[in-house]
Protein chains: 2
Amino acid sequence: MKKDVKKNITIYDIAKEAKVSPTTVSRVLTGNPLVKESTRQLVLEKMKELDFTPNEAARSLTTKQTNTIGFILPDITNPFFSQVYIEVEKKALDLGFTILLRNSMSNSEVESAHLKEFTEKRVECIVFMGGRINKVQPSEEEINEMREVVKRVPVIMVNGKMKDVNCYRIRTNEEEGIRLTVEHLVSLGHKKIGLIGGVKGITSLDLKTAAYRKSLKAFDLEVNPNWQVPSGFSIEKGREAMKQLLSQKDLPTAIIGINDLVIYGALKECREQNISIDNFSFVGFDDIFPSDIVHPSLTTVNHNYDILSSEIVKIIQNIKVGKASKKGKIINTKLIIRESTKEV
Amino acid sequence: MKKDVKKNITIYDIAKEAKVSPTTVSRVLTGNPLVKESTRQLVLEKMKELDFTPNEAARSLTTKQTNTIGFILPDITNPFFSQVYIEVEKKALDLGFTILLRNSMSNSEVESAHLKEFTEKRVECIVFMGGRINKVQPSEEEINEMREVVKRVPVIMVNGKMKDVNCYRIRTNEEEGIRLTVEHLVSLGHKKIGLIGGVKGITSLDLKTAAYRKSLKAFDLEVNPNWQVPSGFSIEKGREAMKQLLSQKDLPTAIIGINDLVIYGALKECREQNISIDNFSFVGFDDIFPSDIVHPSLTTVNHNYDILSSEIVKIIQNIKVGKASKKGKIINTKLIIRESTKEV
DNA sequence: TTGTAAGCGTTATCAT
DNA sequence: ATGATAACGCTTACAA
């Protein structure tokens, strides 16, 4: 009968085969230069021969390093998040970091589970997007949990924050994005501008709404509450918002979306109702890739993903080498003008 | 001066505080029922008090379990992959598995690095999409590496394969998808049907091309090599293919894309050239989410993501409990008919 | 340049 | 119901 449990190959096995000590094997593993070239070769050879692969768990148990960073975001199928994520992954890889991606679906319990996993896995940093850090009023438990977490591991909040939680913050200059948007629309002659999507109590809406109102006032434009239609952040919610907007008599000539997705929904709703898209100018936010291929292609606010991700990774790098980073960083936006905005 | 290195809290610390043995602490950690309720409570209390979090590395070093599965895919920003990924993640989570996502960008060296990482991290299963497993002629090294990998850890190849590599395979019935597409177009009166996108030597093109030709022949339709324009898999490549196609005099009336993305590019190119979209019927493949919001909305082949991901997770589950799974599984497709196809 | 031995923080085995 | 002790597989002083 064959032994059905084949023993794991360890550095001890390699050591025995190569007639050296385990320490020496470890040295070649870690790239320690204090090894005679000939023995290094011998050890390497035996490793290949025995098909040896070092055990990461054992390694990080002794070194107390995991070179791992945890990344929580609401939903990777949303191009906004996948775009940020992949940039960070690429850059982190160059630094020798490996990422643990977790989708929260903006669900607080799921977030808690991920946070717990991250601490048990001893990640060296947590990047947090969405969910509780976008709530205007997070619960006490949510806050307390985050406080506990930041005691053990540095947290980078991206486009969000939490009161009295000590962490790094990187955020898009959403106010600027909205300001640029309004200025652009005004330059096209628009005087009646609406804002659809988002959820009250979620900061991205509150931030944008404030900037929207401020910009309108700066141009002495009408601030009509009926033109502000919160609904959500998805395509479907965008449709709903547009539907509600269209049910009114007095309509804006330009519509800003809390993000690109809701505008896709708005376009869809117009078509559904056989209302010409040309009745309105549309502006999104995020500049996710489909915005360049929908028709009309969408004018939208770009986050400068490259800079955003660079800043995230810069902090990670500093954490690694024990250097301080600035706690807050604001990334400016740029307006990408496409076909969906035109003179009124 | 404060001690700047705070000691890690271990089960020994908890044991001391609770005046029990580390073993008992470990027992409450693993949920072992052989612990008096009162001591369990005491231990739990001390854990909270000392802010203890078990060390996953130590745990998996002794248990030899990681409950981790590795997932390699080309690019998570592609909605096709993110859709599959998130479904798998969700279902795997319910099984107590955690996923390590890695983007390969279809780069063989990157794949190798990820595979190495996975084996060092002792993942219990690898899900592989794209890259080398879609090559008609993978290199010897690529094959050998995979052979080494499958010796140590089960691999599930999704929509790909590798000769003489012992692994699980799940694949979309691409042939059926193409057949359904052609049948649909024929039912609309189309007789001249083209196929754009893909790269020669990548199986998805070869498979689809074969099915396309077979279906055309079944209907006695013209198989015109000029209407088959390989180019790539991206929006941009779709534009290029369409450009090349449009440069010809004799044009098809219907165009099938290797995937949805290339059709987005094709639509864009038509608009760029001021050629009416209505001159053609378009069909994509994958049914990624933007296909419902582009205009005209895109008729396309859906992979049955739910079934696809369920089958992947089913295999993982079987591996976990040591049960055998069928080595191959084919998932049928469904044609989603939208606005981009119409009578000729 | 190489080796010995201790330690990392768990779980598993075997007693009691 | 609880405890002592030995793994697990590596790295790291410290020695030689």
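Keep in mind it's a predicted model, so treat the numbers as computed, not measured. (Residues numbered from 1 in each chain as written. Chains lettered and ligands numbered in written order. Predicted model: local features only at pLDDT ≥ 70, side-chain atom pairs only at ≥ 80, totals over all residues. Heavy atoms only, no water.)

**Quick word on the packing of aromatic side chains**
Residue and element names in this part refer to chain A. The final tally for this structure, using the stated rule, is eight aromatic pairs over all chains. Judged by centre distance (6.1 Å) and plane angle (55°), the ring pair of Phe80 and Tyr305 falls under tilted. Within this pair, whereas Phe80 is found in helix α5 (residues 79–94), its partner Tyr305 is found in helix α12 (residues 305–321), the two being separated by 225 residues in sequence. Here the two residues Phe80 and Tyr305 agree in accessibility, since each one is buried. Members of the aromatic cluster, connected to one another through ring pairs, are Phe80, Phe81 and Tyr305. The side chain of Lys208 reaches across the aromatic face of Phe285, ending 3.9 Å from its centre. Sitting over the face of the ring of Tyr168, Lys327 holds its NZ or CZ atom 4.2 Å from the ring centroid. (Phe/Tyr/Trp six-rings, centres within 6.5 Å; stacked < 30°, edge-to-face > 60°. Helix = DSSP H or I, 4+ residues; strand = E, 2+ residues; numbered from the N terminus. Buried < 20%, exposed > 50% of the residue type's maximum accessible area, 1.4 Å probe, protein only. Lys NZ or Arg CZ within 6 Å of the ring centre and 35° of its normal.)

**Digging into the sheet that holds strand β10 (residues 299–302) of chain A**
Residues and elements named next belong to chain A. On the basis of which strands lie adjacent, the open sheet formed by six strands has the order β7-β6-β8-β9-β10-β12 and mixed pairing. Taken across any chain shown, the strands that pair with only one partner, and hence form the sheet edges, are β7 (228–229) and β12 (334–336). Of the pairings in the sheet, the one linking β10 to β12 comprises three bridges and is antiparallel in character. Following the sheet pairing, Val301 is matched in β12 by Leu335. Sheet strands touched by helix α11 (residues 260–272): β6 (193–196), β8 (254–257), β9 (281–286) and β10. Its angle to β9, the strand with the most contacts, is close to 150°. (Pairing = 2+ DSSP bridges. Contact = heavy atoms within 4.5 Å. Axes fitted to C-alpha atoms, helices over the stretch in contact; angles between N-to-C directions.)

**Quick notes on the sheet that holds strand β2 (residues 98–103) of chain A**
Paired through their backbone hydrogen bonds, the strands of a sheet run either parallel or antiparallel. All names here are of chain A. Spatially, β2-β1-β3-β4-β5-β11 is the arrangement adopted by the six strands of the open sheet, whose pairing is parallel. The outermost strands of the open sheet, each flanked by one partner alone, are β2 and β11 (328–331). Each neighbouring strand pair of the sheet contributes to a mean axis angle of 15°, computed without reference to strand direction. In this sheet, strand β3 (residues 125–129) lies alongside strand β1 (residues 68–73) in parallel orientation, the contact comprising four bridges. Considered in β3, the bridge of Phe71 is made with Val127. Where helix α6 (residues 108–120) meets the sheet, it contacts β1, β2 and β3, and its direction lies at approximately 160° from that of β2.

**A look at the protein's contact with DNA strand C**
In the vicinity of DNA strand C there are 29 residues, among which Thr23, Arg27 and Thr62 of chain A together with Ser26 and Thr62 of chain B approach most closely. Considering the 4 Å shell around the protein, atoms of DNA strand C inside it are sugar or phosphate in 58% of instances. In the model, a phosphate oxygen of DNA strand C is placed 2.8 Å from a nitrogen or oxygen of the Thr24 of chain A side chain. For the surface near DNA strand C, the elements supplying multiple residues, two or more each, are α2 (22–30) and α4 (56–63) of chain A together with α1 (11–18), α2 (22–30) and α4 (56–63) of chain B. Ranked by residues supplied to the surface near DNA strand C, first place goes to α4 of chain B with five residues. (Near = heavy atom within 4 Å. Polar contact = N/O pair within 3.5 Å; in protein donor to acceptor, adjacent residues only side chain to side chain.)

**A look at the interface of chain B and chain A**
Tallying the contact residues gives 51 residues for chain B and 51 residues for chain A. Carbon and sulfur atoms supply 56% of the area that chain B and chain A bury against each other, a total of about 4,400 Å² over both sides. The tally of links between chain B and chain A comes to four salt bridges. The partner of Asp51 of chain A in a salt bridge is Arg152 of chain B, and the shortest N-O contact between them spans 3.8 Å. Here chain B and chain A share 20 residue pairs in polar contact (both at pLDDT 80 or more) between them. The set of elements that each furnish at least two residues to the side of chain B that touches chain A consists of α4, α5 (79–94), β2 (98–103), α6 (108–120), α7 (140–152) and α11 (260–272) of chain B. For the side of chain B that touches chain A, the element with the most residues is α5 of chain B, which contributes seven residues. Looking at the side of chain B that touches chain A residue by residue, the classes come out as 21 nonpolar, 12 polar and 18 charged. (Buried area = accessible area lost by both parts, 1.4 Å probe. Salt bridge = Lys/Arg side-chain N within 4 Å of Asp/Glu carboxyl O. Nonpolar A, V, L, I, M, F, W, Y, C, P; charged D, E, K, R; others polar.)

**Structural notes on unusual backbone geometry**
Omega for the peptide link from His295 of chain A to Pro296 of chain A comes to 0°, which places this bond in the cis form. Residue placement: Pro296 of chain A occurs in the loop between β9 and β10. One non-glycine residue with positive phi stands out, namely Asp287 of chain A, at about 55°. Positionally, Asp287 of chain A belongs in the loop between β9 and β10. Here the phi dihedral of Asn304 of chain B falls at roughly 55°; this positive angle occurs in a residue that is not glycine. Along the chain, the position of Asn304 of chain B falls in the loop between β10 (299–302) and α12 (305–321).

**A closer look at the nonpolar core**
Ranked by internal contacts, the top residues of the largest apolar core, which has 134 residues, are Ile156 and Phe282 of chain A together with Ile156 and Phe282 of chain B. Not counting chain neighbours up to four residues away, the residues in contact with Phe282 of chain A comprise Met242, Ile255, Ile263, Ala266, Leu267, Cys270, Ile277, Leu298, Thr299, Ser340 and Thr341 of chain A. Among the nonpolar cores identified, the runner-up in size contains 36 residues, and Val123 and Val150 of chain A together with Ile72 and Ile143 of chain B belong to it. (Core = buried A, V, L, I, M, F, W, Y, C linked by side-chain atoms within 4.5 Å.)

**A few points about the protein's contact with DNA strand D**
Inspection of the region around DNA strand D gives 29 residues, with Ile11 and Ser26 of chain A together with Ser21, Thr23 and Arg27 of chain B positioned closest. Considering DNA strand D, the proportion of its atoms within 4 Å of the protein that are sugar or phosphate atoms stands at 57%. Measuring from a phosphate oxygen of DNA strand D, one finds a side-chain N or O atom of Asn8 of chain A at 3.1 Å. Elements with a minimum of two residues in the surface near DNA strand D: α1 (11–18), α2 and α4 of chain A together with α2 and α4 of chain B. Of the residues that constitute the surface near DNA strand D, the class distribution is 10 nonpolar, 14 polar and five charged.

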